[in-house]
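# Commentary on secondary and tertiary structure
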Amino acid sequence: MSTGDDQIMLLLKDPATSRRGFEMLVRQYSEPLYWKIRHFVLTHEDANDVLQNTFVKAWVNLGGFKGDAKISTWLYRIAINESLDFLRKQKAVNKISTDAEQGVSTLLMADEYFDGDEMQAQLQEAIAHLPDVQRTVFNLRYYEGMKYSEISRILNTSEGSLKASYHIAVQKISDYFKHKN
């Protein structure tokens, strides 16, 4: 744990200072969590909503955090679960199918907060077609540069299955581009 995390943990454990500790946690982790979430939900507004839900869930479940894992691991797990829940809910109301018809790349290129080019938008479209587990592993490994051991702690699964999921995801993305061209 970093010195900042140690200080945050001390503040969070004491009911008299837990609010201040949580405010420090929000300041320290808002931006990195936002970008992790953004790779899943794609639009700025949705990422902000999921980020807010992530911090609400973290606050509500603060008593259940024992400090066995790093604060970042705990928060990333919540953020990923909230992102996947958001996507599942969107699919349930057919928003994703409508978006898929319009094309993820088209939506991204129209998003004023998206700073990528057409190729990056097409990559996001290919990623959007992956199953949840493969998409999650790909995003954490490719965009965040996380080691399989860290992803394993976040997702609570074996490194071997993560490596297989990543390999399959890369193959599917490659196939997507072969068929697109």
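Just so we're clear, the structure is a prediction, and the values are computed from it rather than from any experiment. Throughout, residues of each chain are indexed from 1 in the direction in which the sequence is written. Totals for whole chains, interfaces and linings use all residues, but because this is a predicted model, local features are given only for residues with pLDDT of at least 70 and pairs of side-chain atoms are given and counted only at 80 or more. Calculation of side-chain values draws on the structure's entire complement of heavy atoms; hydrogens and water are dropped beforehand.

A pair is scored as a salt bridge if a Lys or Arg side-chain nitrogen falls within 4 Å of a carboxyl oxygen belonging to Asp or Glu. As enumerated under the stated definition, the model contains five salt bridges in all. The partner of E144 in a salt bridge is K36, and the shortest N-O contact between them spans 2.7 Å. With a gap of 108 residues between them, E144 in the loop between α8 (132-143) and α9 (148-155) and K36 in helix α2 (residues 18-41) connect regions that are remote in the sequence. Only protein chains enter the accessibility calculation, which uses a 1.4 Å probe. A residue is then buried if its area is under 20% of the maximum for its type, exposed if over 50%, and partly exposed in between. Accessibility expressed as a relative area gives 7% for K36, which makes it buried. Here a strand is any run of E in DSSP of at least two residues, a helix any run of H or I of at least four, and the numbering for each starts at the N terminus.

Per residue, pLDDT captures the predictor's confidence, and it can take any value from 0 to 100. Confidence in the prediction for the protein chain averages 83 pLDDT; 83% of positions are at 70 or higher. The least confident element of the protein chain, judged by mean pLDDT, is helix α5 (residues 95-102) at 46; the most confident is helix α3 (residues 44-60) at 94. Of the regions scoring below 50 in pLDDT, residues 95-101 engages in seven contacts with residues more than four places distant in sequence or in other chains. Contacts are assigned to residue pairs that have any heavy atoms within 4.5 Å of one another.

The next thing to look at is the packing of aromatic side chains. Ring geometry is summarised as follows: Phe, Tyr and Trp rings, the Trp one being its six-membered ring, pair when their centres sit within 6.5 Å, and such pairs are stacked at plane angles under 30 degrees, edge-to-face over 60 and tilted between the two. Evaluation of the coordinates by the stated rule reveals nine aromatic pairs. Here F22 and W59 contribute two aromatic rings whose centre-to-centre distance is 4.9 Å and whose plane-to-plane angle is 65°, an arrangement assigned as edge-to-face. In this pair, F22 sits in helix α2 while W59 sits in helix α3, placing the two residues 37 residues apart along the sequence. Exposure remark for F22: the relative accessible area of 11% places this residue in the buried category. Pairwise contacts between aromatic rings join F138, Y142, Y143, Y148 and Y166 into one cluster.

Moving on: α8. Take the number of residues in a helix, subtract one, and multiply by 1.5 Å to get its expected span. Across its twelve residues, α8 extends 16 Å between first and last C-alpha, which sits within 8% of the 16 Å expected from 1.5 Å per residue. Looking at α8, one finds that the buried residues are D132, Q134, R135, T136, V137, F138, N139 and L140. The positive-phi residue at the C-terminal boundary of α8 is G145, with phi of around 65°.

Turning our eyes to something else, we now look at the environment of K70. As for its position among the elements, K70 is in the loop between α3 and α4 (71-92). K70 gets classed as partly exposed once you look at its relative accessible area, which sits at 37%. In this structure, the C-alpha to C-alpha distance between K70 and I154, residues 84 residues apart in sequence, is 9.9 Å.

Glancing now at a nonpolar patch on the surface. Judged by side-chain polarity, V56, W59 and V60 come together as a nonpolar surface patch covering roughly 290 Å² of accessible area. Here V60 shows up in helix α3. Patch definition: residues above 30% relative accessible area lacking any salt bridge, with like charges linked at up to 9 Å and the nonpolar side chains Val, Leu, Ile, Met, Phe, Trp and Tyr linked at up to 5 Å. Note on areas: Shrake-Rupley, 1.4 Å probe, and residue coverage restricted to the protein chains presented here.

What follows is about the nonpolar core. Across soluble globular proteins, nonpolar side chains show a tendency to be buried alongside one another. Counting 47 residues, the largest nonpolar core has L25, L33, V41, I71, L75 and I173 as the members making the most contacts within it. Of all the secondary structure elements, the ones that give two or more residues to this core are α1 (3-13), α2, α3, α4, α7 (118-128), α8, α9 and α10 (159-180). For this core, the element with the highest residue contribution is α4, accounting for ten residues. Beyond its immediate sequence surroundings of up to four residues, I71 is in contact with D5, I8, M9, L25, Y29 and F65. Put simply, buried Ala, Val, Leu, Ile, Met, Phe, Trp, Tyr and Cys residues joined by side-chain atoms within 4.5 Å make one nonpolar core.

A few words on unusual backbone geometry. A negative phi holds for most residues other than glycine; trans holds for most peptide bonds. Residues other than glycine seldom take positive phi values, yet N156 does so here, at roughly 55°. Relative to the elements of secondary structure, N156 occurs in the loop between α9 and α10.

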